[in-house]
Amino acid sequence: GGSPAFRHLVKPAEGEALIQIDWSAQEVWIAAYLSGDKVMKETLAKGDPYIAFGFLAGRLPVDATKNPLKSPYFATNPDLARQHTIMRNHLKAVALGVLYGKTAYTIALEENMSLDEAKALLKAHRRLFKTFWIWITGVVSEALATRRIKTKYGWTQIVLSRKERETHLDSNGRVKSIKNALQNFPMQGNGAEMLRLALTYAADKRIPICAPLHDAIFAVAPAEREEEVVAGLLAC
């Protein structure tokens, strides 16, 4: 697990187990919770939010799965299974991309899809998750107006004024936009606080933590204690 560049830096000793626990769709969950978007919460409750998004957007059938190639249903039609996999990847790129403020142009380029398709999926997201969009627009506007934004537990980022940002121009000599960073702050900032709290709880339980990585926690333990440590980490 983790970034390929660092995947082999942490290794358990003989007789030990290396354990990785991470959150599933953490950023989307945070967005749904903070915004109070009921439709987004419903897609998460269905297990795979990207497939649920695809069904609501009319892009995937109700029986679509996360790993269609492994499903007996698609055994006789691997081409359809691959189409579903590609579509799920596109839907995931949009569902996560909006949290970063990505445009249709960026999503189309990164996911090798047409610009029209990216625009259509973004339009569907705005139509389906109206409460989220109202909330995130308000978050960004308030941060720009008050020049500060903070997490639920009070970790605060001070927002530079436009005049201050004019001293940090981009490669084209323009004032760099901070709207994308502000749009993503609630998910990344609160996700970091969740990780901090989970690590604190793990330390209280004397769980042998190796390291955090993004939204994952690595622990190492004697092989005979693996189930105990996994249960403890999940509780944290």
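Because the structure is predicted, anything quoted here is derived from the model rather than measured.

Caption draft 1: Quick look at the packing of aromatic side chains. Within this structure, the stated rule accounts for four aromatic pairs. Geometrically, the ring pair formed by Phe-132 and Trp-133 is edge-to-face, given 5.4 Å between the ring centres and 80° between the ring planes. Across the pair, Trp-133 and Phe-132 agree in class, each one buried. Three or more aromatic residues joined by ring pairs make a cluster, and in this case those are Phe-132, Trp-133 and Trp-135. Positioned above the aromatic ring of Tyr-100 is the side chain of Lys-102, whose terminal nitrogen or guanidinium carbon lies 5.8 Å from the ring centre.

Caption draft 2: Focus on the pairing of strand β5 (residues 216–222). In terms of residue burial, β5 counts as a mostly covered element, since six of its seven residues are buried. Sheet analysis places strand β1 (residues 16–22) next to β5, joined by seven bridges and oriented antiparallel. The partner of Asp-22 across the bridge, within β5, is Ala-216. Note: strand β4 (residues 209–213) against β5, four bridges, orientation antiparallel. Bridge pairing in β5 places Leu-213 opposite Ala-216. Between the antiparallel neighbours β4 and β5 lie two residues, among them His-214 with a positive phi of about 60°.

Caption draft 3: Expanded view of helix α5 (residues 104–111). Listed as buried for α5 are Ala-104, Ile-107 and Ala-108. For α5, the buried positions fall inside an angular range of 100° around the axis, keeping them on one side. Seen from the open side of α5, the exposed residues pointing more than 90 degrees away from its buried face are Tyr-105 and Leu-109. One or two residues past the end of α5 sits Asn-112, with phi positive at roughly 55°.

Caption draft 4: Structural detail: a nonpolar patch on the surface. A surface patch of nonpolar side chains, amounting to about 260 Å² of accessible area, comprises Leu-9, Val-10 and Leu-18. Turning to its location among the elements, Val-10 is positioned in the segment before β1. What makes Val-10 partly exposed here is its relative accessible area of 33%.

Caption draft 5: Molecular detail of the pattern of salt bridges. Enumeration over the complete set of coordinates arrives at five salt bridges. Among the ionic pairs, Asp-48 bridges to Arg-88, the shortest N-O distance being 2.9 Å. Of the two residues, Asp-48 is situated in the loop between α2 (38–45) and α3 (49–56) and Arg-88 in helix α4 (residues 78–97); the sequence distance between them amounts to 40 residues. For the pair Asp-48 and Arg-88, a shared accessibility class is recorded, and that class is buried. A salt bridge links Arg-225 to Glu-228; the nearest nitrogen and oxygen atoms lie 3.1 Å apart. Exposure remark for Arg-225: the relative accessible area of 30% places this residue in the partly exposed category.

Caption draft 6: Seen up close, helix α7 (residues 130–146). Compared with the 24 Å implied by 1.5 Å per residue over 17 residues, the 24 Å span of α7 between its first and last C-alpha is a close match. Buried residues along α7 sit in contact with α1 (26–35), α2, α6 (115–128), β2 (148–150) and α9 (179–204). Immediately downstream of α7, the backbone of Arg-147 shows phi near 60°, a positive value.

Caption draft 7: Structural detail: the confidence of the model for the chain. Taken as a whole, the chain shows an average pLDDT of 87; of its residues, 89% reach a score of 70 or greater. Element-level mean pLDDT values for the chain span from 72 in helix α8 (residues 162–165) up to 95 in α1.

Caption draft 8: Layout of the side chain of Gln-183. If you trace the backbone, Gln-183 turns up in helix α9. Accessibility expressed as a relative area gives 12% for Gln-183, which makes it buried.

Caption draft 9: Spotlight on the sheet that holds β5. One open sheet accounts for three strands, arranged β1-β5-β4; its pairing is antiparallel. Where the open sheet ends on each side, the last strands, each with one partner, are β1 and β4. Across the sheet, the mean angle from the axis of one strand to that of its neighbour is 20°, orientation sign disregarded. Packed on one face of the sheet, helix α10 (residues 226–235) meets β1, β4 and β5 and runs near 20° to β1.

Caption draft 10: Just the environment of Gly-47, in detail. Looking at where Gly-47 falls in the secondary structure, it is placed in the loop between α2 and α3. Gly-47 sits in the exposed class, given a relative accessible area of 53%.

Quick notes on the rules
Residues numbered from 1 in each chain as written. Predicted model: local features only at pLDDT ≥ 70, side-chain atom pairs only at ≥ 80, totals over all residues. Heavy atoms only, no water. Phe/Tyr/Trp six-rings, centres within 6.5 Å; stacked < 30°, edge-to-face > 60°. Buried < 20%, exposed > 50% of the residue type's maximum accessible area, 1.4 Å probe, protein only. Lys NZ or Arg CZ within 6 Å of the ring centre and 35° of its normal. Helix = DSSP H or I, 4+ residues; strand = E, 2+ residues; numbered from the N terminus. Pairing = 2+ DSSP bridges. Arc of directions from axis to C-beta. Patch = residues over 30% accessible without salt bridge, like charges linked within 9 Å, V, L, I, M, F, W, Y side chains within 5 Å. Areas by Shrake-Rupley, 256 points an atom, 1.4 Å probe, with all protein chains shown as cover. Salt bridge = Lys/Arg side-chain N within 4 Å of Asp/Glu carboxyl O. Expected span 1.5 Å × (residues − 1). Contact = heavy atoms within 4.5 Å. pLDDT = per-residue confidence, 0-100. Axes fitted to C-alpha atoms, helices over the stretch in contact; angles between N-to-C directions.

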